[in-house]
Structures are given as structure tokens and as C-alpha cells.
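Chain residues, written in single-letter form:
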Amino acid sequence: MCRNIHTLHNFEPATTDDEVHAAALQFVRKVSGSTKPSKANAEAFDRAVAEIAHVTRHLLDDLVTTAPPKNREEEAAKARERAARRYATQATAQIA
């Protein structure tokens, strides 16, 4: 999965439409292999982003959980910690 697409479910405050759109955009970029489509493909690209964002919003609205909502700052700190461990391990492996 694309590292730039983050979990959007079960956060307090709730996931914004901008976050949903950003995830949809990253997904379409990954699938299409293009960060900026040509003029010939721009309409299809934009339509795909809008449709995926729409479906994603419905999914998030319909999901249920008994888990307590996650805190964005705590989740971001955990992600930074994982990245620091990952890149420290990679740097060590490259030196050896």
C-alpha cells in the first residue's frame, strides 16, 4: 500500500473531506503511475479521484467499531517512531 495513504477510520475529530480527497488522489496517482496527468487524461484522472473520494466517504460513514477513537497526534508520533527505527535499520544495513 502507498505509504502516503493513512488510516482514516475512527479518529477524533472525524476525518475531513480534505483528508479523504488527499487519500483518493494518492491512490489514483499510484494506480495510474502519474502525479500529473496529461491534458488528454486530466478529466478521467479527476473523475477517478472524485469517485474514489465519494466511495471512501461512504465507507467511513458506514463503518462501526467499539474501539475508542484514535488521537491524531499520538498516531503521528507512533508513525515517526516506526520510521526512525526503519531508516536507522536501513542505514545500519547499508554501512555493513
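Model, not experiment: these values are computed from the prediction. (Residues numbered from 1 in each chain as written. Predicted model: local features only at pLDDT ≥ 70, side-chain atom pairs only at ≥ 80, totals over all residues. Heavy atoms only, no water.)

Asks: What is the right way to read the layout of surface pockets from this model?
Replies: Approximately 200 Å³ is the volume attributed to the second largest pocket. Considering the residues around the second largest pocket, the lining is formed by Ile5, His6, Thr7, Leu8, His9, Ala23, Ala24, Phe27, Ile52, Thr56, Leu59 and Leu60. Elements with a contribution of two residues or more to the lining of the second largest pocket: helix 1 (17-32) and helix 2 (39-62). Ranked by the residues each element gives to the lining of the second largest pocket, the list is headed by helix 2, at 4 residues. In the lining of the second largest pocket, the residues fall into 8 nonpolar, 4 polar and no charged. (1 Å grid on protein atoms, 1.4 Å probe; cavity = no way out; pocket = protein on both sides within 12 Å on 5 of 7 lines; lining within 4 Å. Points joined across faces, edges and corners; volume = space filled by probe spheres on them. Helix = DSSP H or I, 4+ residues; strand = E, 2+ residues; numbered from the N terminus. Nonpolar A, V, L, I, M, F, W, Y, C, P; charged D, E, K, R; others polar.)

Asks: Just to check I follow, could you spell out the confidence of the model for the protein for this structure?
Replies: Parts of the prediction with low pLDDT should not have their coordinates interpreted in detail. For the protein, the mean per-residue pLDDT works out to 89, and 89% of the residues sit at or above 70. Looking at the elements of the protein, mean pLDDT is at its lowest for helix 3 (residues 72-95), recorded as 83, and at its highest for helix 2, recorded as 97. (pLDDT = per-residue confidence, 0-100.)

Asks: Help me understand unusual backbone geometry, please; the structure alone is not making it clear to me.
Replies: Across the chain, the bulk of peptide bonds are trans and the bulk of non-glycine residues have phi less than zero. Here the amide bond leading from Glu12 into Pro13 is cis, since omega sits at 0 degrees, within 30 degrees of zero. Positionally, Pro13 belongs in the segment before helix 1. For Asn10, which is not glycine, the phi dihedral falls at a positive 65 degrees. Tracing the backbone through its elements, the reader meets Asn10 in the segment before helix 1. What makes Asn10 buried here is its relative accessible area of 18%. (Buried < 20%, exposed > 50% of the residue type's maximum accessible area, 1.4 Å probe, protein only.)

Asks: Got a minute to help me understand the packing of helix 1 against helix 2 in this structure?
Replies: Helix packing for two helices is described by the angle between their axes and how far apart those axes are. Look at helix 1 against helix 2: their axes get within 8 Å of each other, and the N-to-C directions meet at 130 degrees. Compared by their axis directions, helix 1 and helix 2 come out oblique. The hand of the helix 1/helix 2 crossing is right-handed. Across the interface between the two elements, Asp17, Val20, His21, Ala24, Leu25, Phe27, Val28, Arg29 and Ser32 from helix 1 touch Phe45, Ala48, Val49, Ile52, Ala53, Thr56, Arg57 and Leu60 from helix 2. Taken together, the residues that form the contact of helix 1 with helix 2 break down as 11 nonpolar, 3 polar and 3 charged. (Axes fitted to C-alpha atoms, helices over the stretch in contact; angles between N-to-C directions. Parallel < 35°, antiparallel > 145°, perpendicular 65-115°, else oblique. Left-handed = near helix turned anticlockwise from the far one by under 90°. Contact = heavy atoms within 4.5 Å.)

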